[in-house]
Amino acid sequence: LEALCPVGTSFVMAMNPAQGMSQGEMAVMEMKAISDMTNKMSNVCYSRCIMGAYEKEISPGELSCVDRCVSKYTDAHALVGAELQKFGDGSGA
């Protein structure tokens, strides 16, 4: 979880912390959100970087592309999480 949310944000809490949900319910929602993000990232990076599924292993170029794609995706996810956290804390616009 920490690897996918490097800023330690809770997207569920940032979105609406006073909704009366238990910590368990929030944790389940957050895990679903992280699972959804991981699935989307996998689909996007695969379609952009893997040219064909005909080889036994991915090429160095494909590997580099996937590495950059995942890095950008997780960086963007962390930035959005940080902004949501600011919004949830009441310090954002």
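These numbers were taken from a predicted model, which means no experiment stands behind them. (Residues numbered from 1 in each chain as written. Predicted model: local features only at pLDDT ≥ 70, side-chain atom pairs only at ≥ 80, totals over all residues. Heavy atoms only, no water.)

Outline the side chain of glutamate 62, supporting the account with residue identities and numerical values.
Here glutamate 62 shows up in helix H3 (residues 60–89). For the buried glutamate 62, no salt bridge exists, and the shortest N-O distance to an oppositely charged side chain is 12 Å, to arginine 68. In terms of polar contacts, glutamate 62 uses its side chain to reach the backbone amide nitrogen of methionine 51, at 3.0 Å. (Helix = DSSP H or I, 4+ residues; strand = E, 2+ residues; numbered from the N terminus. Buried < 20%, exposed > 50% of the residue type's maximum accessible area, 1.4 Å probe, protein only. Lys, Arg positive; Asp, Glu negative; His and termini not counted. Salt bridge = Lys/Arg side-chain N within 4 Å of Asp/Glu carboxyl O. Polar contact = N/O pair within 3.5 Å; in protein donor to acceptor, adjacent residues only side chain to side chain.)

Requested: an account of the state of the cysteines, with residues and values cited.
For the coordinates displayed, the defined rule picks out 2 disulfides. For cysteine 45, the disulfide goes to cysteine 69, at an S-S distance of 2.0 Å. Judged by the torsion about the S-S bond (-85°), the cysteine 45/cysteine 69 disulfide is left-handed. Of this pair, cysteine 45 sits in helix H2 (residues 23–49) while cysteine 69 sits in helix H3, and the two are 24 residues apart along the sequence. You'll find cysteine 45 and cysteine 69 in the same group, each marked buried. Should the bonded cysteines of the protein chain be numbered as they appear in the sequence, the pairing reads 1-4, 2-3. (Disulfide = S-S within 2.5 Å.)

Mind laying out the environment of isoleucine 34, listing which residues take part and the relevant values?
One can find isoleucine 34 in helix H2. Distance in space between the C-alpha atoms of isoleucine 34 and histidine 77 is 9.9 Å, their sequence separation being 43 residues.

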